Amino acid sequence: MAPDIRPGARPGARITASVYTSHVPAIGAALDLGKTAEPYWQPVFRGYDFSRAWLREHRPDVIFLVYNDHANAFSLDLIPTFAIGTAAGYAIADEGWGPRPVPPVVGHPELASHIAQSVIQDDFDLTIVNKMDVDHGLTVPLSLMCGQPPAADFRWPCPVIPFAVNVVQYPVPSGRRCFQLGQAIRRAVERYDEPLRVQIWGTGGMSHQLQGPRAGLINREFDNAFLDQLIADPAALAAKPHIDYVREAGSEGIELVMWLIARGAMADAADPPRRPAAAPPKVLHRFYHVPASNTAVGHLILEDS
Ligand code: DHB
Ligand code: FE
């Protein structure tokens with residue numbers, strides 16, 4: 001986005017780009033067990049070569065990372081629809097095999113608290129989380145985008161605000177609600193005084209179903225049409241009812257609604273609209289590959305024009 005050069009304008013925080021990616025847990029295992037060069041995994045990691053170089057060149061000050069917990073931080077005891085992490089740091093969850101050997105996540109309590117205040121006053125009822133472990137939903141996207149050097153002093157490139165969405169236990173939020181939430185997050189970021197460069201990441205998906213008679217379902221046509229529409233007409237995509245995701249993309253394909261949160265935070269989706277209207281974002285990178293574990297890997301990087 002071009003800087004605001006009106007006289008007297010104060011440079012505040014801004015959304016610089018949005019990133020979208022699957023979070024397949026087997027990708028984390030492939031990284032942690034040194035299998036990235038195996039023929040099965042090579043094409044998956046090659047799809048992120050551009051992205052790792054791009055992130056090194058365009059390191060943000062904060063990543064607002066929209067993801068879902070898989071019954072690791074939360075359980076059936078407590079199911080927040082939207083939960084924002086306001087902690088100074090987050091431990092890596094033990095998902096049954098010990099925590100992944102990756103650095104803990106450093107938070108950004110000041111910006112997170114500001115976004116919570118702004119978004120809640122904008123009528124979105126968030127759960128505030130001051131202590132939580134983060135699972136593969138958050139760490140696999142970070143590993144894909146940042147790489148995983150074996151060096152003991154390896155750290156993630158910047159603080160991360162985890163934003164957990166319930167897409168595991170139905171009822172799940174609608175695509176429309178997610179898109180509107182993204183718009184509210186953009187307003188919140190732009191109201192923050194410090195000139196921080198913030199990336200918003202929408203993660204999870206693509207089509208998959210892990211249980212029942214349709215286990216193993218992958219729908220390439222749906223996935224690619226979703227990517228096309230997410231880029232070109234996200235407001236129309238946001239109207240897709242949740243049952244269409246379940247029918248066409250499988251019960252776990254519903255994770256894709258989280259991508260609409262990141263997309264709603266781009267300039268052309270802004271509410272109120274920018275004057276003059278913002279152009280659609282630039283597609284810096286697009287990648288799609290089948291298979292990876294029980295699903296496809298989809299990935300986009302969009303930058304405001
Ligand atoms: C798989 C994919 C997921 O998104 C997930 O959370 C768990 C498993 C899979 O492909 O097996
Ligand atoms: Fe998942």
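This report concerns the structure included in the present document. (Residues numbered from 1 in each chain as written. Chains lettered and ligands numbered in written order. Predicted model: local features only at pLDDT ≥ 70, side-chain atom pairs only at ≥ 80, totals over all residues. Heavy atoms only, no water.)

### Side note on the overall build of the protein
Operational definition: Put simply, DSSP H or I for four residues or longer makes a helix, DSSP E for two residues or longer makes a strand, and each gets a number counted from the N terminus. Based on C-alpha atoms, the radius of gyration is set beside the globule rule, defined as 2.2 Å times the residue count to the power 0.38. Working rule for contacts: check all heavy atoms of both residues, and any pair within 4.5 Å makes them a contact. All accessibility values rest on the Shrake-Rupley procedure with a 1.4 Å probe; residue burial counts only the protein chains present in the view. Positive charge is attributed to Lys and Arg, negative charge to Asp and Glu, and no charge count is given to His or to the chain ends. Throughout, a charge is located at the NZ atom of Lys, the CZ atom of Arg, the CG atom of Asp or the CD atom of Glu.
Each helix and strand in the protein was counted, giving 10 helices and 10 strands. For the protein, the C-alpha radius of gyration of 18 Å lies close to 19 Å, the compact-globule estimate for 305 residues. With the principal axes as the frame, the protein shows a C-alpha extent of 55 × 45 × 40 Å. A fraction of 80% describes how many contacts in the protein between residues 6 or more apart in sequence connect residues 24 or more apart. Accessible surface for the protein amounts to roughly 13,200 Å². Of this, 54% is attributable to carbon and sulfur atoms. Here the protein holds 26 positive side-chain charges and 32 negative ones, and the gap between their average locations is 5 Å.

### A look at the coordination of the iron ion (ligand 2)
The criterion, for reference: For Na, K and Ca the donor cutoff is 3.2 Å, while for all other metals N, O and S atoms count as donors only within 2.8 Å; water does not appear among the atoms, so some sites may look incomplete. Residue exposure (1.4 Å probe, protein chains only): buried if accessible area is under 20% of the type maximum, exposed if over 50%, otherwise partly exposed.
At this site the iron ion (ligand 2) is bound by H23 (NE2), H70 (NE2) and E255 (OE), with donor distances of 2.1 to 2.3 Å. The sequence pattern formed by the donor residues of the iron ion (ligand 2) is H-x46-H-x184-E. In this pair, H70 is assigned in the loop between β2 (62-67) and β3 (82-85) and E255 in the loop between α9 (242-249) and α10 (257-264), connecting sequence segments 185 residues apart. Residue class for H70 comes out partly exposed when judged on its relative accessible area of 23%.

### Regarding the packing of helix α4 (residues 109-121) against helix α6 (residues 175-190)
Working note: a packed helix pair is described by the angle between its axes plus the distance between those axes. The test is simple: Note on geometry: axes are C-alpha line fits, over the in-contact stretch for helices, and angles between N-to-C directions span 0 to 180 degrees. An angle counts as roughly parallel when it lies under 35 degrees, as roughly antiparallel when it exceeds 145, as roughly perpendicular when it falls between 65 and 115, and as oblique in every other case. Left-handed describes a crossing whose near helix is turned anticlockwise from the far helix through less than a right angle; right-handed describes the clockwise counterpart.
Remark: α4 packs on α6, axes separated minimally by 9 Å, with the N-to-C direction vectors making an angle of 125°. Of the possible angle classes, the one that applies to α4 and α6 is oblique. Judged by the twist between their axes, the crossing of α4 over α6 is right-handed. Contacts between α4 and α6 involve H114, I115, S118 and V119 from the first element and L181, A184, I185, A188 and V189 from the second.

### Things to note about the site of ligand 1
What counts here: The near set for a molecule or strand comprises every residue that places at least one heavy atom within 4 Å of it. Polar contacts, as used here, are pairs of N or O atoms within 3.5 Å; protein pairs need one atom able to donate a hydrogen and one able to accept it. Residues neighboring in sequence count only if both atoms are side-chain atoms.
Every residue near ligand 1 is listed here: H23, V24, P25, H70, H136, H208, L210, E255, S293, N294 and T295. In this structure, N294 approaches ligand 1 through a side-chain N or O atom, which is 2.7 Å from an oxygen atom. Considering ligand 1 on its own, with 290 Å² of exposed area, one finds that the protein chains cover 89% of that surface.

### Notes on the nonpolar core
Applied cut-off: To form a nonpolar core, buried Ala, Val, Leu, Ile, Met, Phe, Trp, Tyr and Cys residues must be joined to one another through side-chain atoms within 4.5 Å.
Judged by nonpolar contacts, the single largest core of 54 residues is most densely connected at F64, I115, V119, F163, L181, F226 and I261. In terms of residue count, the dominant contributor to this core is α6 (7 residues). Contacts of F226, omitting those with residues within four sequence positions, involve M206, L237, Y245, L256 and W259. L65, V105, F287 and V297 belong to the second largest nonpolar core, which has 41 residues in total.

### Some remarks on the packing of α6 against α10
For clarity, the cut-off: Put simply, Ala, Val, Leu, Ile, Met, Phe, Trp, Tyr, Cys and Pro go in the nonpolar bin, Asp, Glu, Lys and Arg in the charged bin, and everything else, Gly too, in the polar bin.
Running from amino to carboxyl end, α6 crosses α10 at an angle of 30°, the nearest separation of the two axes being 6 Å. In terms of their interaxial angle, α6 and α10 are classed as roughly parallel. Viewed along their axes, α6 and α10 form a crossing whose handedness is right-handed. Each of G175, C178, F179, L181, G182, Q183 and I185 in α6 lies in contact with α10, whose residues at this interface are V257, L260, I261, R263 and G264. When its residues are assigned to classes, the contact of α6 with α10 shows 7 nonpolar, 4 polar and 1 charged.

Honestly, it's all geometry; don't read function into it.
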